[in-house]
Amino acid sequence: SAFITVVISLTMICSAVSVSADSMKVYSSFEGEAMPGDVIAVDIKVDNNPGMWGLDFDIYFDTSALQINTILNGDIFTEGSGWPGVPLTTDYIDSLNSKGKYHFLGYGDSLTKDITNNGTLCTMLFKVDENATAGEYEIKLQLGTGDIVNCAEQAVPGEFSGSKIKVKGTIDENVAPQ
């Protein structure tokens, strides 16, 4: 009985490890620092893609320091697919900036062939607010009400991670007193 419990426990642990190893990675990539007034590019990327038809998730950002200028299509979804889904009008961008959240939705243009390439889902251009205080500001990716699915309508496991943008502070804070 103890032997069976150990075997079941090891099986469960190995299963959890293999699921994690097979999970698609969705992450934001930004390394470096920014100054108030800078426009920075944050790529939202995919690695270890086992094959998907589409995905949707939320991207959160701190509106006290960051405002979206625009969002550019990456190399995963073609123009004929479902990205970006909503025209990026000034009103739409203003709406995103008031919420501090962008809902990414992308899907393939074929119901019979999964997208298997790795690369960039989109590039978000943020302007660092002129009055941003020094500190780290997180870009957070989170699977919300959405999911990742393949053409067979099966869920694709995914892991989401964000990044931090280090802002050096307001322009006045960076000027040495004379």
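Throughout this document, residue positions are counted from 1 along each chain, in the order its sequence is written. Reporting of local features is limited, given that this is a predicted model, to residues whose pLDDT is at least 70; pairs of side-chain atoms are given and counted only at 80 or more, and all residues count toward the totals for whole chains, interfaces and linings. Side-chain figures throughout are based on the complete set of non-hydrogen atoms in the structure, without hydrogens or water.

A. Region of interest: the overall build of the protein. Along the protein, the regular secondary structure elements total two helices and eleven strands. Think of it this way: any DSSP run of H or I at least four residues long counts as a helix, any run of E at least two long counts as a strand, and we number them from the N terminus. Mapped from its N terminus to its C terminus, the protein presents α and β elements in the order α-β-β-β-β-β-α-β-β-β-β-β-β. Within the protein, counting contacts between residues at least 6 apart in sequence, those at least 24 apart form 82% of the total. As displayed, the protein has an accessible area near 9800 Å², and 54% of this comes from carbon and sulfur atoms. Note on contacts: a residue pair is in contact if any heavy atoms of the two residues lie within 4.5 Å. All accessible areas in this document rest on Shrake-Rupley with a 1.4 Å probe, and a residue is counted as covered only by the protein chains that are shown.

B. Structural context of the environment of Leu72. Along the polypeptide, Leu72 turns up in strand E5 (residues 66-73). Working definition: with a 1.4 Å probe on protein chains only, accessible area under 20% of the residue-type maximum means buried, over 50% means exposed, and in between means partly exposed. Residue classification places Leu72 among the partly exposed positions, given a relative accessible area of 40%. In sequence terms Leu72 and Cys122 are 50 residues apart; their C-alpha atoms lie 5.5 Å from each other.

C. The packing of aromatic side chains, seen in detail. Here a Phe, Tyr or Trp ring, Trp counted by its six-membered ring, pairs with any other such ring whose centre lies within 6.5 Å, and the pair is stacked when the planes are under 30 degrees apart, edge-to-face when over 60, and tilted otherwise. This structure, assessed with the given rule, holds five aromatic pairs. Ring geometry for Phe57 and Phe160: centres 5.3 Å apart, planes at 50°, overall tilted. Placement of Phe57 in strand E4 (residues 54-60) and of Phe160 in strand E10 (residues 158-161) is noted, with a sequence separation of 103 residues between them. Put simply, the rings of Phe57, Phe77, Phe104 and Phe160 touch in pairs and so form one group of aromatic residues.

D. The arrangement of unusual backbone geometry in detail. Notably, Asn48 is not glycine yet its phi reads approximately 60°, a positive angle. Mapped onto the secondary structure, Asn48 falls in the loop between strand E3 (39-47) and E4. Judged by its relative accessible area of 37%, Asn48 is partly exposed. You will see that Glu153, though not glycine, has its phi angle at about 65°, which is positive.

E. Spotlight on the environment of Glu153. Inspection of the secondary structure puts Glu153 in the loop between strand E9 (148-149) and E10. On the basis of relative accessibility, which here comes to 72%, the residue Glu153 falls in the exposed class. For the pair formed by Glu153 and Trp53, sequence separation is 100 residues and the distance between their alpha carbons is 8.3 Å.

F. Summary view of the nonpolar core. Here, nonpolar core refers to any group of buried Ala, Val, Leu, Ile, Met, Phe, Trp, Tyr and Cys residues whose side-chain atoms link them within 4.5 Å. Membership of the largest hydrophobic core comes to 38 residues, with the highest contact counts inside it found for Ile44, Leu55 and Leu121. The dominant element in this core, judged by the number of residues it contributes, is strand E7 (residues 119-128), at five residues. With residues up to four places along the chain from it excluded, the contact list for Ile44 reads Val26, Tyr27, Ser28, Phe57, Ile59, Gly119, Thr120, Leu121, Cys122, Met124 and Leu141.

G. Summary view of the side chain of Thr120. You can see Thr120 is positioned in strand E7. With residues near it in sequence (within four places) discarded, Thr120 still touches Asp43, Ile44, Lys45, Gly74, Asp75 and Ile76.

H. Structural detail: the pattern of salt bridges. The working definition used for a salt bridge is a side-chain nitrogen of Lys or Arg within 4 Å of a carboxyl oxygen of Asp or Glu. This model, assessed by the stated rule, comprises five salt bridges. When the shortest N-O distance is used, the salt bridge between Lys25 and Glu159 registers 3.8 Å. Here Lys25 is found in strand E1 (residues 24-29), whereas its partner Glu159 is found in strand E10, with 134 residues between them in sequence. The exposure class of Glu159 is partly exposed, given its relative accessible area of 30%. In this structure, Glu33 engages Lys166 in a salt bridge whose closest nitrogen and oxygen atoms are separated by 3.9 Å. Placement of Glu33 in strand E2 (residues 33-34) and of Lys166 in strand E11 (residues 163-167) is noted, with a sequence separation of 133 residues between them. Owing to a relative accessible area of 44%, Glu33 belongs among the partly exposed residues under this scheme. Look at Lys166 and you get partly exposed, because its relative accessible area is 39%. Each of the salt bridges in this network shares a partner with another, and the network as a whole consists of Glu33, Lys166 and Lys168.

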